[in-house]
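# Structure assessment
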Amino acid sequence: MGEIHSAVKIDKDRFVSGSKDNTVRLWDAHKGRCILFDRTDRNIVTDIKYIPNTESIVQSSEDLVMKIWDTRFMELAGNFTKTQYFQTSIAISSDGNHVFTGSNGFDSAGCMARLWDIRTLKCIKTYNGHTQGIANCDYLDDDTMITTSIDRTLKIWDTKHDECILTKKLDIGAPNSMTTNLQRQFCIAGMEGIMLCSLSSTNGVNCISIISDAVTDDISWKKNAVEYAKPIKKKFDKQWIL
């Protein structure tokens, strides 16, 4: 089995992982064993997300095609429209009807976010503005999305009016990872530190705290705390209590 690039929980007993070895695998969380898997040629997985209240996941890949998998049988349930640049990060809306993605690119080419309709498997909106590939994307609420990019900026997008409402330089270097809590709060881990922020009612970014020189590629929201692990430079606290 190759390097696991992404994994997502299906329920308390199962999770799905995606790897650079062209596989997606369903795992028994208690026994630690693979139950089912699929290997598709050139399906180098970049991200995986669970579709709420279903048995399905959405998976992005370097083969330029996002896929939906039925995890009951680990069978392909659908292919999204092929793109010129592969999607590096994906997020699912709370109602399970839409996918928000960020794509790879350089020098402003391909560095876009997209909104997809899961029911039709087609892109319905595109958002341009980043000058380098998008590293992370997520929902802040049902109508507000965030992207971070290798160009060392974050952008906030209003999907009701189809516009970027804020661009902010990242003081923590190029981003590695990001997590949000759907309460307009987000935490970004970069190559030069970690920052915890919130989006105000007037769509300004309030920086709650920054940990400099603490670098990680693994952060997640756990109730009222942000957990982070795998320090690259040096040791630091494992929890950031809000």
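Above: the structure in question.
In this report, the structure presented in the accompanying data block is examined. (Residues numbered from 1 in each chain as written. Predicted model: local features only at pLDDT ≥ 70, side-chain atom pairs only at ≥ 80, totals over all residues. Heavy atoms only, no water.)

Looking now at the sheet that holds strand 20 (residues 205–212). Taken together, 4 strands build an open sheet; the order of strands is 17-18-19-20 and the sheet is antiparallel. This sheet does not close on itself; its edge strands, each paired only once, are strand 17 (175–180) and strand 20. Direction aside, the axes of adjacent strands within the sheet are offset by 15° on average. Where strand 17 lies against strand 18 (residues 185–190), 5 bridges are found, and the strand directions are antiparallel. Within the sheet, the bridge partner assigned to T180 lies in strand 18 and is F186. (Pairing = 2+ DSSP bridges. Helix = DSSP H or I, 4+ residues; strand = E, 2+ residues; numbered from the N terminus. Axes fitted to C-alpha atoms, helices over the stretch in contact; angles between N-to-C directions.)

To continue, consider the pairing of strand 9 (residues 87–92). For strand 9, the buried fraction is high: 6 of the 6 residues fall into the buried class. Here strand 9 hands over to strand 10 (residues 98–103) after 5 residues, with G96 in that stretch at a positive phi of 75°. (Buried < 20%, exposed > 50% of the residue type's maximum accessible area, 1.4 Å probe, protein only.)

Ranked by internal contacts, the top residues of the largest apolar core, which has 14 residues, are I146, L154, I156, F186, I188 and V205. The set of elements that each furnish at least two residues to this core consists of strand 15 (153–158), strand 18 and strand 19 (193–199). The biggest single contributor to this core is strand 19, with 3 residues. Those residues within four positions of I146 in sequence are excluded, and the remaining contacts are F100, N136, C137, D138, L140, L154, K155, I156, M178, T180 and F186. Counting 11 residues, the second-largest nonpolar core is a separate cluster that includes I51, I92, W116 and I118. (Core = buried A, V, L, I, M, F, W, Y, C linked by side-chain atoms within 4.5 Å. Contact = heavy atoms within 4.5 Å.)

Let us now look at the environment of G110. Turning to its location among the elements, G110 is positioned in the loop between strand 10 and strand 11 (113–117). With 22 residues separating them along the chain, G110 and Q132 place their C-alpha atoms 8.2 Å apart.

A positive phi angle, close to 50°, is found at M74, a residue other than glycine. Of the residues examined, M74 reaches a relative accessible area of 4% and is grouped as buried. In this model, R184 sits at a positive phi of 65°, which is unusual for a non-glycine residue. With respect to the secondary-structure elements, R184 resides in the loop between strand 17 and strand 18.

Attention now moves to the pairing of strand 4 (residues 33–39). As defined by bridge partners, strand 3 (residues 23–28) adjoins strand 4 across 6 bridges and the pair is classed as antiparallel. Residue pairing for strand 4: R25 is matched across the bridge by F37. Hairpin remark: strand 3 followed by strand 4, antiparallel, with 4 residues in the connecting loop; positive phi at G32, about 65°.

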